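# A look at the structure
Residue strings, one per chain:
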Amino acid sequence: MKSLFNILFVFFTTITTIQANGIETKIQSVTVFRKGVQVTRNALVDVSHGSQKISFYGIPKDIDQRTIYIKFPDGVKVMSVYTQDIEHVQKDEATLKHESKILSLKKEVRLITNQLNTYKDEETLILSNRNINNSNSDISAESLSKMADLYRIRLLYVRNQMDQLTFKTDSINMEIYKIQNIFNRNLTASRDFQLVAEVFASQKQNVNVTISYWDHRAHWKSNYSFRLNQIDQPILFENNASVFQNTGENWENIQLVLATGDPNRSFLAPVLTPWFLQYFDQMLPLGGIGVGGSRSNEIVYFLDGVRVNDDQSNTRTAQTNSADIQENITYSQYSLPFPVTILHENNSSEFTIKTDTLNSILKYYCVPTMNNRVFLKAGIADWENYNLTSGDVKIYFENTYSGTSRLDVSSAEDTLHFSLGQDIAIHCETKKLKSYKKNLAFSGKKEIIEAKEFTIKNNKSYPIEIEIQERIPISTDKEMEIELLENSKGQFIKDTGIIIWKVKLKPAEKISKTWSYSITLPKNKNVQL
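Residues numbered from 1 in each chain as written. Predicted model: local features only at pLDDT ≥ 70, side-chain atom pairs only at ≥ 80, totals over all residues. Heavy atoms only, no water.

## Topic: the nonpolar core
- Grouped together as the largest cluster of nonpolar side chains are 41 residues, with contacts concentrated most on Phe226, Leu388, Leu420 and Ile466.
- When residues no more than four places from it in sequence are discounted, the contact partners of isoleucine 466 are Tyr364, Tyr365, Cys366, Val374, Ile426, Ile456, Trp501, Lys502, Val503 and Leu505.
- Listed in part, the 40 residues of the second largest apolar core include Ile27, Val30, Val45 and Tyr334. (Core = buried A, V, L, I, M, F, W, Y, C linked by side-chain atoms within 4.5 Å. Buried < 20%, exposed > 50% of the residue type's maximum accessible area, 1.4 Å probe, protein only. Contact = heavy atoms within 4.5 Å.)

## Section: the pattern of salt bridges
- By the definition in use, this model includes twelve salt bridges.
- Note that lysine 354 and aspartate 356 form a salt bridge whose closest N and O atoms lie 4.0 Å from each other.
- The shortest N-O distance in the salt bridge between arginine 406 and aspartate 392 comes to 3.1 Å. Remark: aspartate 392 occurs in strand 21 (residues 391-397) and arginine 406 occurs in strand 22 (residues 400-407); sequence separation between them is 14 residues. (Salt bridge = Lys/Arg side-chain N within 4 Å of Asp/Glu carboxyl O. Helix = DSSP H or I, 4+ residues; strand = E, 2+ residues; numbered from the N terminus.)

## So, the pairing of strand 3 (residues 37-47)
- The buried count for strand 3 comes to eight of eleven residues, which makes it a mostly enclosed element.
- Bridge count for strand 2 (residues 26-32) against strand 3 is six bridges, and the pairing is antiparallel. Within strand 3, the position partnered with lysine 26 by the bridge is asparagine 42.
- Between the end of strand 2 and the start of strand 3, which pair antiparallel, lie four residues, with glycine 36 showing a positive phi angle near 110 degrees.
- As judged from the eleven bridges shared by strand 3 and strand 8 (residues 205-215), these two strands associate in the antiparallel manner. (Pairing = 2+ DSSP bridges.)

## With respect to the packing of aromatic side chains
- Summed over the entire model, instances satisfying the criterion amount to nine aromatic pairs.
- An angle of 75 degrees between the planes, with centres 6.4 Å apart, marks the rings of tyrosine 119 and tyrosine 157 as edge-to-face. You can see tyrosine 119 sitting in helix 2 (residues 93-135) and its partner tyrosine 157 sitting in helix 3 (residues 141-188), a full 38 residues away along the chain.
- Looking at tyrosine 119, the relative accessible area reads 15%, which means it is buried.
- When the centroid spacing of 5.1 Å and the interplanar angle of 70 degrees are considered together, the rings of phenylalanine 454 and tryptophan 501 count as edge-to-face. Linking phenylalanine 454 in strand 25 (residues 445-458) with tryptophan 501 in strand 29 (residues 498-505), this pair joins segments that are 47 residues apart in sequence.
- Judged by relative accessible area, phenylalanine 454 falls into the buried class, the value being 1%.
- For tryptophan 501, a relative accessible area of 2% translates into the label buried.
- Three or more aromatic residues joined by ring pairs form one cluster here, namely Tyr224, Phe226 and Phe237. (Phe/Tyr/Trp six-rings, centres within 6.5 Å; stacked < 30°, edge-to-face > 60°.)

Below, the structure written as structure tokens:
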């Protein structure tokens with residue numbers, strides 16, 4: 001009987017074993033999405049044969065705990081996973097340093113406050129003395145002059161000192177606020193939160209445990225640097241990433257992966273249902289506008305008609321100068337080839353994902369009606385091969401910063417067009433040649449004629465090609481007739497009213513183009529040009 005009791009005691013002791021201090025976990029890699037981050041941590045654990053509880057610490061408390069995923073190797077089966085708070089938190093050296101700094105700054109604020117109150121009392125005394133002297137009609141001119149000096153010199157000094165002390169107090173309070181924020185985030189990431197896994201091990205062994213979870217307090221965005229030395233040379237571009245994180249923990253010496261996807265978006269594809277059109281009463285309901293037709297309020301969603309498992313993969317990898325690019329089914333990933341450190345203070349960390357050359361078509365472009373400036377535009381025919389996303393572009397000409405443009409791939413077609421900025425060495429001006437109107441006899445109509453001219457001059461040391469666009473109005477009424485009279489051999493697109501000239505200019509060469517049009521409309525109608 002005693003032997004049986006000992007066996008049962010050992011058995012139940014094995015089941016309820018908990019490592020009291022917990023196992024420390026360290027961040028191995030992070031995958032930052034457009035909005036949010038998946039953090040992967042590792043830990044080495046000694047497991048014994050049988051059932052046991054293992055606790056892990058180092059995980060931020062404010063993460064989405066529903067996304068925690070823990071993986072043990074073969075031979076260890078996870079029975080359950082849960083989280084728990086720890087009542088007693090041991091403060092680390094950094095936390096104690098923050099507390100000491102805050103106490104020192106608060107003491108300094110108290111000393112400044114004492115000085116400030118003293119000056120306030122002196123200000124009150126000076127002002128009250130002025131009231132006493134105002135009530136004394138027997139005051140001499142000499143005493144009055146001394147009092148004026150007191151008000152002018154001493155009172156001004158007191159008030160200046162009060163302003164300086166107030167400013168100094170505000171600065172110290174701002175410093176306290178910043179330190180307190182860091183202090184609070186460190187407490188969030190401290191050992192007051194544990195992850196507990198109940199496992200069963202087939203044998204005693206040392207295993208590597210992987211823990212991953214989702215945190216919304218991080219994101220990244222694309223930005224580019226385009227460098228151009230000569231108009232006939234390819235564009236050297238850098239694909240950069242700005243990473244922001246405020247997760248309450250530092251990412252030190254970790255593997256960084258940047259993903260273009262956004263897991264926050266809905267994964268459910270809509271299903272189009274029949275639309276049954278019905279008649280409706282033309283009387284509008286009070287407070288709103290009537291809507292013709294009727295649709296079902298029920299919305300049914302599927303993901304391509306089937307359930308998609310997380311373990312599906314269909315990827316290809318391409319090597320670049322800076323990062324490995326992995327294209328998944330719905331998004332791309334950039335893996336930096338070197339470990340990085342990103343602090344949690346929400347400052348931007350910049351990384352170069354890729355450097356390459358763009359085989360682009362460069363041309364000058366001007367729309368004198370809208371802007372007399374001449375712009376240099378680039379067109380990239382095979383832009384899909386560069387894994388480009390929308391973002392800001394810093395433009396450099398001959399290693400000199402020229403300005404910032406915007407790359408928008410959401411509306412791009414076969415060729416991606418974007419502006420490289422203005423070129424002040426090409427001059428453009430426009431002027432009106434004539435503008436008049438006359439009544440047409442026996443027709444009840446009038447005619448308006450407009451004529452304009454632009455002049456382009458190439459002040460560069462090499463020849464250029466430039467495209468100039470202008471326009472004439474388009475009729476919106478059958479009684480309004482618009483006719484192009486002259487376009488100096490430009491290409492006229494009737495549907496849009498746009499005229500396009502493509503010209504070549506030698507150095508110092510100047511060229512002018514004119515265009516004119518007429519508008520015929522009823523005499524009692526007016527238009528604004």
